[in-house]
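Report on the structure
Below are the chains, spelled out letter by letter.
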Amino acid sequence: MKITKNILLTISIISVLLSCSIDENNSQNNSIPQSLEYREELDVSYGNASEQTFDIFLPADRNFTTKTLILVHGGGWSSGDKSDMNAFRDYLRTHFPDIAIVNINYRLADENTSPHPMQMNDLTSIMNHLISNQNNYIIDDEFGFIGVSAGAHLSMLWSYAYDTNNLISMVANIVGPTNFTDEVYLNNNNPELQELLDLYGIETTTGYLQEVSPYHQATGIAPPTIMFYGGQDPLVPTSQGTAMRDKLETLNVIHEFTLYENEAHGWTGANLLDTMNKLSTFIDTHL
């Protein structure tokens, strides 16, 4: 599967860039030590499958207003690993030392196992785990998603359709598919792309395609969303981003949209720096 090739390159470049409510619950607050140390837990299990794990990184001096960013890797719903997001993790730990970070794995699809609703169920299990362990981790119940490619699609879909308790304060979509009813997808002649789309079913109904499309699930209460796309992307056409932008505009949902006309499914250099700067400002504003 080649969908992660450019994204992995993008993530590796981030490592180079790295080198260049309070008193809401008095009983909780009274139980917090005067100075909490940094804490991390790796491969925390949230289910019975080997893929159902995450890493959590908890900042020092955290309290019950500490926000959390959840990282969701790409890989065409059928490959990839949380380690693919380690450079994002390290960037965020450097630039946002007061934010907790959760870097997740989820069960992967294959020709016999559809990604939906399996992967939505995994995200729900992760959110339930974090909320039920809020007193243990000492974090707020406000979260943000950063997803890449298929991970961006999953981040948006959960935020728009499954966040019944309004836990998500922002979502970042980096080259994520948004609309499986897009004519560019339905009438494509790209074998690699079609192989990915077939994971959602070779003969699917319009209703099902709408069910798994963030574009069709977004409402006026969707969280603020920032999006980045490449104009030469062979797997996620520009229309996936522009249509989502227009839908959020119609719904009066806070959003930002950046299209790098000459980039494909990932980018490096000045455009990557631009992405990280815009993402950082968005996090500062909305998380």
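Everything in this summary refers to the structure shown in the same document. (Residues numbered from 1 in each chain as written. Predicted model: local features only at pLDDT ≥ 70, side-chain atom pairs only at ≥ 80, totals over all residues. Heavy atoms only, no water.)

1. Some thoughts on the pairing of strand β8 (residues 255–260)
Note that strand β7 (residues 225–230) and β8 share 6 bridges and pair parallel. Within the sheet, the bridge partner assigned to Ile-226 lies in β8 and is Glu-256. Since β7 and β8 lie parallel, the crossover through helix α11 (residues 238–250) that links them has a hand, and here it is right-handed. (Pairing = 2+ DSSP bridges. Helix = DSSP H or I, 4+ residues; strand = E, 2+ residues; numbered from the N terminus. Right-handed = clockwise from strand over helix to strand, strands pointing away.)

2. A look at the packing of helix α4 (residues 118–132) against helix α6 (residues 150–162)
Contact geometry for α4 and α6: axes closest at 10 Å, N-to-C directions at 70°. It follows that α4 is roughly perpendicular to α6 by the angle criterion. Contacts from Gln-119, Met-120, Leu-123, Thr-124 and Met-127 in α4 reach Leu-154, Leu-157, Trp-158 and Tyr-162 in α6. For the contact of α4 with α6, the residue count by class is 7 nonpolar, 2 polar and no charged. (Axes fitted to C-alpha atoms, helices over the stretch in contact; angles between N-to-C directions. Parallel < 35°, antiparallel > 145°, perpendicular 65-115°, else oblique. Contact = heavy atoms within 4.5 Å. Nonpolar A, V, L, I, M, F, W, Y, C, P; charged D, E, K, R; others polar.)

3. Considerations on the side chain of Asp-163
Structurally, the position occupied by Asp-163 is in the loop between α6 and β6 (168–174). The side chain of Asp-163 is buried and forms no salt bridge, while Lys-67, the nearest opposite charge, is found at 14 Å. There is a polar contact of 3.1 Å between the side chain of Asp-163 and the backbone nitrogen of Asn-166. Other than its neighbours up to four places away in sequence, Asp-163 contacts Trp-158 and Ile-168. (Buried < 20%, exposed > 50% of the residue type's maximum accessible area, 1.4 Å probe, protein only. Lys, Arg positive; Asp, Glu negative; His and termini not counted. Salt bridge = Lys/Arg side-chain N within 4 Å of Asp/Glu carboxyl O. Polar contact = N/O pair within 3.5 Å; in protein donor to acceptor, adjacent residues only side chain to side chain.)

4. Section: the environment of Gly-201
Within the fold, Gly-201 resides in the loop between α8 (191–197) and α9 (206–211). Take Gly-201: its relative accessible area is 27%, and that puts it in the partly exposed class. The sequence separation of Gly-201 and His-116 amounts to 85 residues, and the corresponding C-alpha distance is 10.0 Å.

5. Focus on the pattern of salt bridges
The tally for this structure, following the rule as stated, stands at 8 salt bridges. A salt bridge links Arg-245 to Asp-246; its shortest N-O distance comes to 3.0 Å. Residue class for Arg-245 comes out partly exposed when judged on its relative accessible area of 28%. Several salt bridges converge on common partners, so that one network encompasses Asp-43, Asp-55 and Lys-82.

6. Regarding the packing of aromatic side chains
Under the defined criterion, the tally for this structure stands at 8 aromatic pairs. Both rings, one in Trp-77 and one in Phe-180, keep their centres 5.8 Å apart while their planes meet at 55°; by these two values the pair is tilted. Linking Trp-77 in the loop between β3 (68–72) and α3 (86–95) with Phe-180 in the loop between β6 and α7 (183–186), this pair joins segments that are 103 residues apart in sequence. Assessed through its relative accessible area of 3%, Trp-77 is described here as buried. Their ring planes at 40° and their centres at 5.0 Å tell us that Phe-180 and Tyr-200 sit as a pair that is tilted. With a gap of 20 residues between them, Phe-180 in the loop between β6 and α7 and Tyr-200 in the loop between α8 and α9 connect regions that are remote in the sequence. The buried category is assigned to Phe-180, whose relative accessible area is 4%. Cation over ring: Arg-245 sits above Phe-257, and NZ or CZ is 5.0 Å from the ring centre. Here the guanidinium or amino end of Lys-247 rests over the ring plane of Tyr-215, the centre of that ring lying 4.6 Å away. (Phe/Tyr/Trp six-rings, centres within 6.5 Å; stacked < 30°, edge-to-face > 60°. Lys NZ or Arg CZ within 6 Å of the ring centre and 35° of its normal.)

7. Regarding α4
Here α4 spans 21 Å end to end across 15 residues, near enough to the 21 Å set by a 1.5 Å rise per residue. If you check which residues of α4 are buried, you get Met-118, Gln-119, Met-120, Asp-122, Leu-123, Ile-126, Met-127, His-129 and Leu-130. (Expected span 1.5 Å × (residues − 1).)

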